[in-house]
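# Overview (structure and organization)
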Number of protein chains: 2
Amino acid sequence: MDINFSNQMPIYVQIMNLIKLDIVTKKLRGGDKLLSVREMSENLKVNPNTIQRAYQELEREGITYTQRGMGTFVNDDNDMIRRLKNEMASETINSFINGMKSLGFDGKEIINIITKRVKEEGI
Amino acid sequence: MDINFSNQMPIYVQIMNLIKLDIVTKKLRGGDKLLSVREMSENLKVNPNTIQRAYQELEREGITYTQRGMGTFVNDDNDMIRRLKNEMASETINSFINGMKSLGFDGKEIINIITKRVKEEGI
DNA sequence: TCTAGTGTACTAATAATATAGTACACTAGT
DNA sequence: ACTAGTGTACTATATTATTAGTACACTAGA
């Protein structure tokens, strides 16, 4: 695992997003254990404190829970996971629509661009 | 003009984006003068040094030029402006497509979501 | 009981961003 | 020549993110 972190967003936020993605795409499921703070720190070449911060925030957001001495685990709550996926999708879509509107594209143009792009990529 | 700056991106970068948007949407045209550092600083309630940093970077990117004692002006170069719009659009589109793919959506779903959304908003 | 692995809590140092304030150099217009 | 408005440069400070290092508390399993 080797990642280029953007300098325009705190690394711990970017790490939170990585983990959220793993959860909504079922790479991590309810009850699964996250990598330990130290393991994750080595994997991502990031200071353990930064990982700890990410894990703390994830817990504060109700996405994970921690057991001292045991580890940090994904909450086994399908509603939460569904909500999380919806939130992340909404955010992605909103920022896209707003961005394109700001750039002066109208609905037709946006749909055309996306349709063309989807065909090109074959997704 | 009153803006909520996000805390997850340097303010000078966000200001650069505001100005780039004005350029690609023709609110600012080639040869037009930007607000002076001091005016912009008052408008946005931001320290003059932050504006200066934004203007410096814009010049470094070839988007504006400055004349000491005169002001900062948009480069009168239609190719540059076209390129800028394409760049900004590409970035918006790429991050959207990548985001949705990461979230597990396929092409059909993406198109459906966008189509529905465009109809709802009537844009 | 011991040990390895876990989360957690500190203090400290560094770098980047943003703010604050001052001063200087250049230009246009009077 | 003078003045107002411009970009620019500089020092200093506060805040935040990140790194660095250390230590402690808890848990499971040998």
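Residues numbered from 1 in each chain as written. Chains lettered and ligands numbered in written order. Predicted model: local features only at pLDDT ≥ 70, side-chain atom pairs only at ≥ 80, totals over all residues. Heavy atoms only, no water.

### Brief notes about the relation of the copies chain B and chain A
What connects the two chain copies is a rotation about an axis and a shift along it. The transform that puts chain B on chain A rotates by 179° and translates by 0.0 Å along the axis, for an RMSD of 0.1 Å. The relationship between the two copies is best expressed as a two-fold rotation axis. Most of the interface of chain B is mirrored in chain A, where 100% of its interface residues are also at the interface. (Least-squares fit on C-alpha atoms with pLDDT ≥ 70 in both. Contact = heavy atoms within 4.5 Å.)

### Some points on the packing of helix α2 (residues 37-44) of chain B against helix α3 (residues 48-60) of chain B
When two helices pack together, their arrangement is given by the angle between the helix axes and by the axis-to-axis distance. Residue and element names in this part refer to chain B. Running from N to C, α2 and α3 point in directions that differ by 120°, and their axes come no closer than 8 Å. Here α2 runs over α3; the crossing is right-handed. For the pair formed by α2 and α3, the contact residues are Val-37, Met-40, Ser-41 and Leu-44 on the first element and Pro-48, Ile-51, Gln-52 and Tyr-55 on the second. Within the contact of α2 with α3, the residues separate by chemical class into six nonpolar, two polar and no charged. (Axes fitted to C-alpha atoms, helices over the stretch in contact; angles between N-to-C directions. Helix = DSSP H or I, 4+ residues; strand = E, 2+ residues; numbered from the N terminus. Left-handed = near helix turned anticlockwise from the far one by under 90°. Nonpolar A, V, L, I, M, F, W, Y, C, P; charged D, E, K, R; others polar.)

### Quick notes on the protein's contact with DNA strand C
Close to DNA strand C lie 25 residues; Arg-38 and Arg-68 of chain A together with Pro-10, Ile-11 and Asn-49 of chain B are nearest. The sugar and phosphate moieties of DNA strand C supply 60% of its atoms located within 4 Å of the protein. Within the backbone of Val-37 of chain A, a nitrogen or oxygen atom sits 2.9 Å from a phosphate oxygen of DNA strand C. Its residues assigned to classes, the surface near DNA strand C shows seven nonpolar, 12 polar and six charged. (Near = heavy atom within 4 Å. Polar contact = N/O pair within 3.5 Å; in protein donor to acceptor, adjacent residues only side chain to side chain.)

### Some details on the domain arrangement of chain A
By a widespread convention, an interface's size corresponds to the accessible area lost as its parts come together. Residues and elements named next belong to chain A. For chain A, the assigned domains read domain 1 (11-76) and domain 2 (79-121). Between domain 1 and domain 2, the C-alpha centre-to-centre distance is 27 Å. Each partner contributes residues to the interface: domain 1 has 10 residues there, and domain 2 has five residues. Roughly 640 Å² is buried in total at the junction of domain 1 and domain 2, and carbon and sulfur atoms are behind 84% of that figure. Across the contact surface, domain 1 and domain 2 share zero salt bridges. Where domain 1 meets domain 2, there are zero residue pairs in polar contact (both at pLDDT 80 or more). In terms of residue class, the side of domain 1 that touches domain 2 is made up of four nonpolar, four polar and two charged. (Domains from an automatic or database assignment. Buried area = accessible area lost by both parts, 1.4 Å probe. Salt bridge = Lys/Arg side-chain N within 4 Å of Asp/Glu carboxyl O.)

### Topic: the packing of aromatic side chains
The final tally for this structure, using the stated rule, is three aromatic pairs over all chains. Residues Phe-96 of chain A and Phe-96 of chain B carry aromatic rings whose centres are separated by 4.0 Å and whose planes lie at 10° to one another, so their mutual orientation is stacked. With Phe-96 of chain A in helix α4 (residues 78-102) and Phe-96 of chain B in helix α4 (residues 78-102), the pair connects residues from two separate chains. On the basis of relative accessible area, Phe-96 of chain A is assigned to the buried category, the value being 1%. Arranged with centres 5.5 Å apart and planes meeting at 25°, the rings of Tyr-65 of chain B and Phe-73 of chain B form a pair that is stacked. Since its relative accessible area comes to 31%, Tyr-65 of chain B is described here as partly exposed. The ring of Tyr-12 of chain B carries the charged tip of Arg-53 of chain B above its face, separated from the ring centre by 4.0 Å. (Phe/Tyr/Trp six-rings, centres within 6.5 Å; stacked < 30°, edge-to-face > 60°. Buried < 20%, exposed > 50% of the residue type's maximum accessible area, 1.4 Å probe, protein only. Lys NZ or Arg CZ within 6 Å of the ring centre and 35° of its normal.)

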